[in-house]
Amino acid sequence: MAVKLLYIEDEPHLGRIVSETLEKQGYEVVWESDGAKVMDHFQSFEPTLCILDIMLPNVDGYELCRQIKTSRPDLPVIFLTAKTETRDLVKGFESGGTDYIRKPFSMEELMVRIQNQLQLNETQRLQPGSVDQGIELGSYTYFPLRYELHSPEGTITLSHRESEILEQLAASVNRVIERKSLLMSVWGDDSFFNSRNLDVYIRKLRDHFKQDAGIRIQTLKGKGYLFLVP
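The rules we used
Per chain, the residues get numbers from 1 upward, laid out in the order the sequence is written. Selection of residues for local features in this predicted model requires a pLDDT of at least 70, selection of side-chain atom pairs for listing and counting requires 80 or more, and totals for whole chains, interfaces and linings are taken over all residues. Values shown for side chains rest on all heavy atoms present in the structure; no hydrogens or waters enter the calculation. We define a salt bridge as a contact between a side-chain nitrogen of Lys or Arg and a carboxyl oxygen of Asp or Glu at a distance within 4 Å. Elements are defined by DSSP. Helices are runs of H or I of four residues or more, strands are runs of E of two residues or more, and each kind is numbered from the N terminus. Only protein chains enter the accessibility calculation, which uses a 1.4 Å probe; a residue is then buried when its area is under 20% of its type maximum, exposed when over 50%, and partly exposed in between. In short, DSSP must find at least two bridges between two strands for them to pair. Taken from the helix axis, the directions to the C-beta atoms give the arc we talk about. Note on contacts: a residue pair is in contact if any heavy atoms of the two residues lie within 4.5 Å. An axis is simply a line fitted to the C-alpha atoms; with a helix, the fit covers only the stretch in contact. Between two such axes, the angle follows the N-to-C directions and lies from 0 to 180 degrees. Roughly parallel means an angle under 35 degrees; roughly antiparallel means over 145; roughly perpendicular covers 65 to 115; every other angle is labelled oblique. When the near helix sits turned anticlockwise from the far one by under a right angle, the crossing is termed left-handed; a clockwise turn instead gives a right-handed crossing.

### Here's the deal with the pattern of salt bridges
If you walk through the whole model with that rule in mind, you get eleven salt bridges. Of the charged contacts, one joins E164 and R161 as a salt bridge, the two residues approaching to 2.8 Å between their closest N and O atoms. Taken as a pair, E164 and R161 lie in helix α6 (residues 160–170) at a separation of three residues, close to a single helical turn. The exposure class assigned to R161 is buried, which follows from its relative accessible area of 4%. When the shortest N-O distance is used, the salt bridge between K223 and E178 registers 3.5 Å. Of this pair, K223 sits in the loop between β11 (216–220) and β12 (224–228) while E178 sits in strand β10 (residues 176–178), placing them 45 residues apart in sequence. Here K223 falls in the partly exposed class, since its relative accessible area comes to 43%. On the accessibility criterion, E178 (40% relative accessible area) is partly exposed.

Shown next as C-alpha cells:
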C-alpha cells in the first residue's frame, strides 16, 4: 500500500518539482498551495505524513499543524521553512511538528527525512510493551496497532480513521454505541460534516466484513449502532 503524502507548498515551481519527484519515488501525493483548502484534503485523503510549508496564503503552517494534530496526534509533520530564527523552529515544534527542513533543500535530504519519520512513527506504534494483540471478531481478527483486519480471504489494510472507528465498535460488541459518543471519540466533535464522514466509513467497514454473514453493523435510527458479532 503506497505511503500517502499531503504536501503543502504555495510556490508553484517548487511544488511541482517536489510533488512529481515524490510520485516517481512511489509515493501517493496530494499537493495543495492554499492553506484554507488543506483540511478538506486532509479529511478525504487521510495522509500517512504531511510536508508543510510555514508561509502560506490564508492559513499559515503553524495553525494548520495544530488543526492536523488535533485530528491525528500520531501523524508525522515535516515543516519546510525559510525561517532560521530559533524561536520560529520552537514555534513549529510547539504546534506539533515532528521535524523540519530549511529552504533551500535537496530532494535527497527530504527523502531521508521522510523515511526517518515513517520509521520513527512505526517504531512508536509497535514499541515494546505495545503488543498488537489481535481482537477476534467472528472469522476475522483485528490488529489495531497495525491497522489490519485479517479476513478469511486475506489481509485488509485499514485507513487510520477506519481503524479508529472499528476500535470503538470492537470495544462495544453486541452493545449499543451512541452515534454522538462515536463521533466525539473519533473526531472530537459531532458536526454535520463529521457525521456524514462517519456514514461513509461505516459503509466501508460493512463492506470489509461481508465475508462473514454473521457480522453486522446495524444502524439504530436516532440512537447509534449495534455491532453484532457471533
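Having seen the structure, we can now continue with the description.
### Observations concerning the pairing of strand β7 (residues 140–143)
The two faces of β7 match: Y140 and Y142 on one face and T141 and F143 on the other face are all buried. Summarising the sheet, strand β6 (residues 135–137) and β7 pair through three bridges and their orientation is antiparallel. By the bridge assignment, I135 is partnered in β7 with Y142. In this antiparallel pair of consecutive strands, β6 and β7, the connection spans two residues, and G138 shows a positive phi of 60°. Strand direction decides the pairing type here: β7 and strand β8 (residues 148–151), joined by three bridges, are antiparallel. Looking at β8, one finds that Y142 is bridged to L149. Here β7 hands over to β8 after four residues, with Y147 in that stretch at a positive phi of 55°.

### Looking at helix α4 (residues 86–94)
Every buried residue belonging to α4 is among D88, L89 and G92, and all of these are buried. All buried residues of α4 fall inside an arc of 100° around its axis, so they share one side. Opposite its buried face, α4 presents the exposed residues T86, R87 and E94, each directed more than 90 degrees away. Buried positions along α4 lie against α3 (61–71), β4 (77–81) and β5 (99–102). In the stretch just after α4, G96 is the one whose phi turns positive, near 120°.

### Observations regarding the packing of helix α2 (residues 38–45) against α3
The geometry of α2 relative to α3 is characterised by a closest axis approach of 11 Å and an angle of 25° between their N-to-C directions. Of the possible angle classes, the one that applies to α2 and α3 is roughly parallel. Viewed along their axes, α2 and α3 form a crossing whose handedness is right-handed. Taking contact as the criterion, the partners of V38, M39, F42 and Q43 in α2 are, on α3, L64, Q67, I68 and S71.

Keep in mind these numbers describe shape, not what the thing actually does.
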